[in-house]
Amino acid sequence: MVSGGIVSVICLTGAVWALHIHGWVGSGDPLIPAQDPSLLLRPSAIAAMAKDSLDGRLPSYITYTKDRPAWAGIYGRGERTVVMIDPYSGEPLKRTSFSMNNAGGQPFDFWMFIRRGHQSLWLPRAIGRPLINYSTLTFIVVLISGIVLWIPKTKKATRRRLWFKWKRNMGVKRKIFDFHAIAGIYASIFLLLMGLTGMVWGLDWYAKFLYLIAGEGKNVPANTEKSDPAGAHSAIDPMLATDSVFEIILRRYPDAASFYINCPDTADPASVIRATVYPDRNVYYNRDVCVFDRYSLQEIEPAGIYSGRYRDANFPARLLRSIYDLHTGAFWGLPGKILYIVAALTGATFPFTGLYMWRKRRKRKVTVT
């Protein structure tokens, strides 16, 4: 019952959060007509424009998206500050700061409230994340056992469990049972996918196990991509180096929907410049991730599962790259997104309908005894 209550919160907040991440409600980004890519401000110019809003610090990353503002942001462990900037004029448009650790002193943000509930139950991440993920694991066991129990023994029972055939004089108990069984069998397919993909971000052992199974016994490759501080160009300014990488990426991918560029960490001499290219605005799985030495500007051979071109990735790497789109339903386009939201809302009712049926059966057994 405890894990069921947590799963209800996960499903409900997930359905509401999906409305936001799909851009249907509360996206808030103004439309900026796309111009010639050569007119885009380079990362160093974006960083200079955002400097005051970022408390004098260099951004950790900068994103460019067609027809939308550029974003310059700083992130830490559960903390993030983002500045929205016109990518052509450099005009700062909006500043947003939020914490996933429930830090005080911030204005209330409805969507961050929903996100915190979905990812950590509004608790500190060190407590909330394990609760979320192990409750999800419990829910997956319940779903699988429910599917097994649903399997009818006769053809007549099969027809009755595939669609609603309610009559006027049918009682509430029967209707709740039918809803739990019929809506449940359809929603369970999607809920299993949501649960199995969602745990990848919260349970490190599970992500490694998934890669191990998909990779036929191979372990997750270590991320060994590093810059060489002893190179001949070690004095190059980090933002100017980022500008050079941006030029390379812009020439290589002129029709990309968006770019996400991780600026080098000035506190880490071996940090790299990572450019993520999204060819499609609606999905993320088919992205290319190019890694560059921050001093020589030479592209580094991809080492981690999330680096390199999508077309060159093996099946385990493609699977893990697809986790977000599989988790949100975006992998199957608009129908997938809608079905996932409906399934999540349906899943939020299962603990309550299941508890209702359990209590009714328990009372019946007590009466018979």
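For clarity, every value in this text was computed on a predicted model and none was experimentally measured.

Chemist: How do you make sense of unusual backbone geometry when you look at a structure like this?
Modeler: Excluding glycine, residues mostly have negative phi values, and the peptide bonds linking residues are mostly trans. For Asp55, which is not glycine, the phi torsion reads 60° and is therefore positive. Relative to the assigned elements, Asp55 resides in the loop between helix 2 (43–50) and strand 1 (61–65). Residue Asp67 is not a glycine yet carries a positive backbone phi of 65°. Mapped onto the elements of the fold, Asp67 is located in the loop between strand 1 and strand 2 (70–75).

Chemist: Looking at this structure, how should I read the packing of helix 3 (residues 110–120) against helix 4 (residues 125–150)?
Modeler: Packed helices, taken two at a time, are described by the angle their axes make and the gap between the axes. At a minimum axis separation of 7 Å, helix 3 and helix 4 run at an interaxial angle of 65°. Of the residues in helix 4, those in contact with Gly117, His118, Gln119 and Ser120 of helix 3 are Arg125, Gly128, Arg129 and Ile132. Its residues placed into classes, the contact of helix 3 with helix 4 shows one nonpolar, five polar and two charged.

Chemist: Can you walk me through the packing of aromatic side chains in this structure?
Modeler: Within a pair of aromatic rings, the relevant descriptors are the distance that separates the centres and the angle that separates the planes. Scanning the entire structure with this criterion turns up 15 aromatic pairs. Aromatic pair Trp205 and Tyr206: ring centres 6.1 Å apart, planes at 85°, arrangement edge-to-face. Look at Trp205 and you get partly exposed, because its relative accessible area is 44%. Members of the aromatic cluster, joined through ring pairs, are Phe190, Tyr285, Tyr310, Phe331, Trp332 and Tyr340. The positively charged end of Arg318 is found above the aromatic ring belonging to Tyr310, 4.4 Å away from the centroid.

Chemist: When you look at the side chain of Thr276 in this model, what are you seeing that I'm missing?
Modeler: Residue placement: Thr276 occurs in strand 6 (residues 272–278). Discounting residues that sit within four places of it in the chain, Thr276 has contacts with Ser258, Phe259, Tyr260, Arg287, Asp288 and Val289.

Chemist: Would you mind showing me how to read the environment of Ser38 here?
Modeler: Take Ser38: it is sitting in the loop between helix 1 (2–21) and helix 2. Within polar-contact distance, the side chain of Ser38 engages the side chain of Asp36 at 2.7 Å.

Chemist: Help me out: how do you make sense of the nonpolar core in this one?
Modeler: Here is a general trend for soluble globular proteins: nonpolar side chains tend to be buried in one another's company. Core analysis: the biggest nonpolar cluster contains 31 residues, and Ile46, Ile62, Tyr64, Ile249, Tyr253 and Phe259 have the highest contact counts within it. For this core, the element with the highest residue contribution is helix 8 (residues 238–252), accounting for six residues. Filtering out sequence-adjacent residues up to four positions away, Phe259 remains in contact with Ile62, Thr63, Tyr64, Ile249, Leu250, Tyr253, Thr276 and Val277. Counting 28 residues, the second largest nonpolar core, distinct from the first, contains Ala15, Tyr206, Ala317 and Ala348.

Chemist: What's the story with the pattern of salt bridges in this structure? I'm lost.
Modeler: Once their charged atoms are close, side chains differing in charge can pair, the charge on each being opposite to the other. If you walk through the whole model with that rule in mind, you get seven salt bridges. Salt-bridge contacts for Glu299 lead to Arg252; the nearest nitrogen and oxygen are separated by 3.1 Å. With a gap of 47 residues between them, Glu299 in the loop between strand 7 (288–293) and helix 9 (315–321) and Arg252 in helix 8 connect regions that are remote in the sequence. What makes Glu299 partly exposed here is its relative accessible area of 34%.

Chemist: Help me out: how do you make sense of the pairing of strand 2 in this one?
Modeler: Regular strands place side chains that alternate from one sheet face to the opposite one. The element strand 2 is largely enclosed, with a buried count of five among its six residues. Both strand 1 and strand 2 contribute to a ladder of three bridges, which runs antiparallel. Within strand 2, the position partnered with Tyr61 by the bridge is Gly73. With six bridges joining them, strand 2 and strand 3 (residues 79–85) adopt antiparallel strand pairing. Bridge pairing links Tyr75 to Arg80 in strand 3.

Chemist: In this structure, what is going on with helix 11 (residues 333–347)? I would like to understand it.
Modeler: Residues spaced three or four apart along an α-helix face the same direction, because each turn holds 3.6 residues. Between its first and last C-alpha, helix 11 extends 21 Å over 15 residues, near the 21 Å set by a 1.5 Å rise per residue. Looking at helix 11, one finds that the buried residues are Gly336, Lys337, Tyr340, Ile341, Ala343, Ala344, Thr346 and Gly347.

Chemist: Could you clarify how one ought to interpret the environment of Ser227 in this entry?
Modeler: Note that Ser227 resides in the loop between helix 7 (204–214) and helix 8. Residue Ser227 is classed as buried on the basis of its relative accessible area, which comes to 5%. Sequence-distant contacts of Ser227, that is, excluding residues within four places in its chain, are made with Pro269, Ala270, Ser271, Val272, Phe292, Asp293, Arg294 and Tyr295. From its side chain, Ser227 meets the backbone oxygen of Ser271 in a polar contact 2.6 Å long. A distance of 3.0 Å separates a polar side-chain atom of Ser227 from the backbone nitrogen of Arg294.

Rules and cut-offs
Residues numbered from 1 in each chain as written. Predicted model: local features only at pLDDT ≥ 70, side-chain atom pairs only at ≥ 80, totals over all residues. Heavy atoms only, no water. Helix = DSSP H or I, 4+ residues; strand = E, 2+ residues; numbered from the N terminus. Axes fitted to C-alpha atoms, helices over the stretch in contact; angles between N-to-C directions. Contact = heavy atoms within 4.5 Å. Nonpolar A, V, L, I, M, F, W, Y, C, P; charged D, E, K, R; others polar. Phe/Tyr/Trp six-rings, centres within 6.5 Å; stacked < 30°, edge-to-face > 60°. Buried < 20%, exposed > 50% of the residue type's maximum accessible area, 1.4 Å probe, protein only. Lys NZ or Arg CZ within 6 Å of the ring centre and 35° of its normal. Polar contact = N/O pair within 3.5 Å; in protein donor to acceptor, adjacent residues only side chain to side chain. Core = buried A, V, L, I, M, F, W, Y, C linked by side-chain atoms within 4.5 Å. Salt bridge = Lys/Arg side-chain N within 4 Å of Asp/Glu carboxyl O. Pairing = 2+ DSSP bridges. Expected span 1.5 Å × (residues − 1).

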